[in-house]
Amino acid sequence: MKQTGGSEDQKRRAGEHAAGRVEDGTVVGLGTGSTAAHAIRALGERVDAGLDVVGVPTSFASRELAREAGVPLADLDAVDGVDVAIDGADQVVGVDPADATGDATVVLVKGGGAAHAREKYVDAAAEAMHVVADPSKLADRVDHPIPVEVLPDARTVVADAVRERGGDPVLRRADRKDGPVVTDNGNVVLDCAFDATDDPVALANALSATPGVVEHGLFVDLAAAVHVGTSDGVDVHAFDTRDD
């Protein structure tokens, strides 16, 4: 089921569709990445037309884009709560394109922009997380490397722990500069490839319990809906993921 070739138009449709679901007077978590960027721009257009919202950014990049788009901003600790978060994903597992609703375990792999720590606490704080994606992000199983943000001094210890679980950790290197990628939190990222991730829930728990790990890119059952942009529209898959 994994597909390739997601277009910019598909990303734009997904982002704009999710942004169109945002209601007046709400607090919105603003995700990071190219598809979430379309949602932020669409929210800016709606704010310019009179929509009253406050955005909670998940990265320096989403903060800067939201400012450019004219979306009012606040930090997470300055608001009473987050009503909805709109975020992208590097991989989405648990979505059946033939079924618009379902009760499957929805697993996201995030962290391509090294913002997954902040994304996770904003997305988890939201009453509903709306994922925006193109069809290339859909997969039957988790086979994308898992980004793991780690304390710099703990890189070797965490890498050894990942290897013990059968993973291959690679320090993410920065483009156009010497050295590793440094997150907004001042940490580094290990991209951890696993031959088989048949139990992503167990892997998520194991990574969370590893000393030195700040956060990992497995988001399990946080998505309330996945908006998939297609060549001629948007498919919406809704899930009941939160406990009453």
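Residues numbered from 1 in each chain as written. Predicted model: local features only at pLDDT ≥ 70, side-chain atom pairs only at ≥ 80, totals over all residues. Heavy atoms only, no water.

Enquirer: Explain the overall build of the chain to me, using residue names and the numbers behind them.
Expert: From N to C terminus, the chain includes six helices and 15 strands. In the chain, buried positions account for 52% of the 244 residues. Restricting to contacts in the chain with at least 6 residues of sequence separation, those with at least 24 account for 74%. Summed over its atoms, the accessible surface of the chain is roughly 11300 Å², and 44% of this surface lies on carbon and sulfur atoms. The averaged location of the 44 negative side-chain charges in the chain is 7 Å from the averaged location of its 22 positive side-chain charges. (Helix = DSSP H or I, 4+ residues; strand = E, 2+ residues; numbered from the N terminus. Buried < 20%, exposed > 50% of the residue type's maximum accessible area, 1.4 Å probe, protein only. Contact = heavy atoms within 4.5 Å. Areas by Shrake-Rupley, 256 points an atom, 1.4 Å probe, with all protein chains shown as cover. Lys, Arg positive; Asp, Glu negative; His and termini not counted. Charge placed at Lys NZ, Arg CZ, Asp CG, Glu CD.)

Enquirer: Tell me what's going on with the pattern of salt bridges, and back it up with residues and numbers.
Expert: A side chain with one charge may pair with a side chain of the opposite charge, provided their charged atoms come close. Throughout the structure, instances matching the rule amount to eleven salt bridges. Measuring nitrogen to oxygen at the nearest pair gives 3.0 Å for the salt bridge that ties arginine 63 to aspartate 75. Placement of the pair is arginine 63 in helix α3 (residues 60-69) and aspartate 75 in the loop between α3 and β3 (82-87), with a sequence separation of twelve residues. Classification of arginine 63 by relative accessible area gives partly exposed; the value is 23%. Judged by its relative accessible area of 41%, aspartate 75 falls in the partly exposed class. Residue lysine 137 pairs with aspartate 134 through a salt bridge whose shortest N-O separation is 2.9 Å. Bridged by salt links that share partners, the residues Asp9, Arg12 and Glu16 form one connected network. (Salt bridge = Lys/Arg side-chain N within 4 Å of Asp/Glu carboxyl O.)

Enquirer: Go over the sheet that holds strand β9 (residues 146-150) with me, naming the residues and quoting the values.
Expert: With antiparallel pairing, the four strands of this open sheet are ordered in space as β10-β11-β9-β12. Either end of the sheet is taken by a strand with one partner, and the two such strands are β10 (167-171) and β12 (213-216). Looking at each pair of strands side by side, their axes are set apart by 30° on average, direction ignored. Running over the sheet, helix α4 (residues 116-125) touches β9, β11 (188-194) and β12 and is turned about 65° from β12. (Pairing = 2+ DSSP bridges. Axes fitted to C-alpha atoms, helices over the stretch in contact; angles between N-to-C directions.)

Enquirer: Break down the packing of helix α2 (residues 34-48) against α3 for me, with residues and values.
Expert: A pair of packed helices can be characterised by two numbers: the angle between their axes and the separation between those axes. The interhelical angle for the contact between α2 and α3, taken along N-to-C directions, is 25°, at an axis separation of 8 Å. Relative to α3, α2 is oriented roughly parallel. For the crossing formed where α2 meets α3, the hand is right-handed. Taken together, the residues of α3 that come into contact with α2 (itself represented by Ala37, Ile40, Arg41 and Gly44) are Ser62, Leu65, Ala66 and Ala69. Tallied by class, the residues present in the contact of α2 with α3 amount to five nonpolar, two polar and one charged. (Parallel < 35°, antiparallel > 145°, perpendicular 65-115°, else oblique. Left-handed = near helix turned anticlockwise from the far one by under 90°. Nonpolar A, V, L, I, M, F, W, Y, C, P; charged D, E, K, R; others polar.)

Enquirer: How would you sum up a negative patch on the surface? Please name residues and give values.
Expert: Taken together, the side chains of Glu23, Asp24, Asp52, Asp83 and Glu127 make up a negatively charged region of the molecular surface. One can find aspartate 52 in the loop between α2 and β2 (53-57). (Patch = residues over 30% accessible without salt bridge, like charges linked within 9 Å, V, L, I, M, F, W, Y side chains within 5 Å.)

Enquirer: So what about the packing of aromatic side chains? Which residues, and what values?
Expert: Each aromatic ring pair is characterised by the separation of its centres together with the angle its planes make. For the coordinates displayed, the defined rule picks out zero aromatic pairs. If you follow lysine 110 out to its NZ or CZ, it ends over the ring of phenylalanine 219, 5.6 Å from the centre. When the ring centre of phenylalanine 219 is taken as origin, the NZ or CZ atom of lysine 120, which lies over that ring, is 4.8 Å away. (Phe/Tyr/Trp six-rings, centres within 6.5 Å; stacked < 30°, edge-to-face > 60°. Lys NZ or Arg CZ within 6 Å of the ring centre and 35° of its normal.)

Enquirer: Let's hear about the packing of helix α1 (residues 8-20) against α2: which residues, and what values?
Expert: At a closest axis distance of 7 Å, the pairing of α1 and α2 adopts a crossing angle of 45°. Between α1 and α2, the angle falls in the class oblique. Relative to α2, the crossing made by α1 is right-handed. On α2, the residues touching Glu8, Lys11, Arg12, Ala14, Gly15, Glu16, Ala19 and Gly20 of α1 are Ser34, Thr35, His38, Ala39, Ala42, Leu43 and Arg46. For the contact of α1 with α2, the per-class residue count stands at five nonpolar, five polar and five charged.

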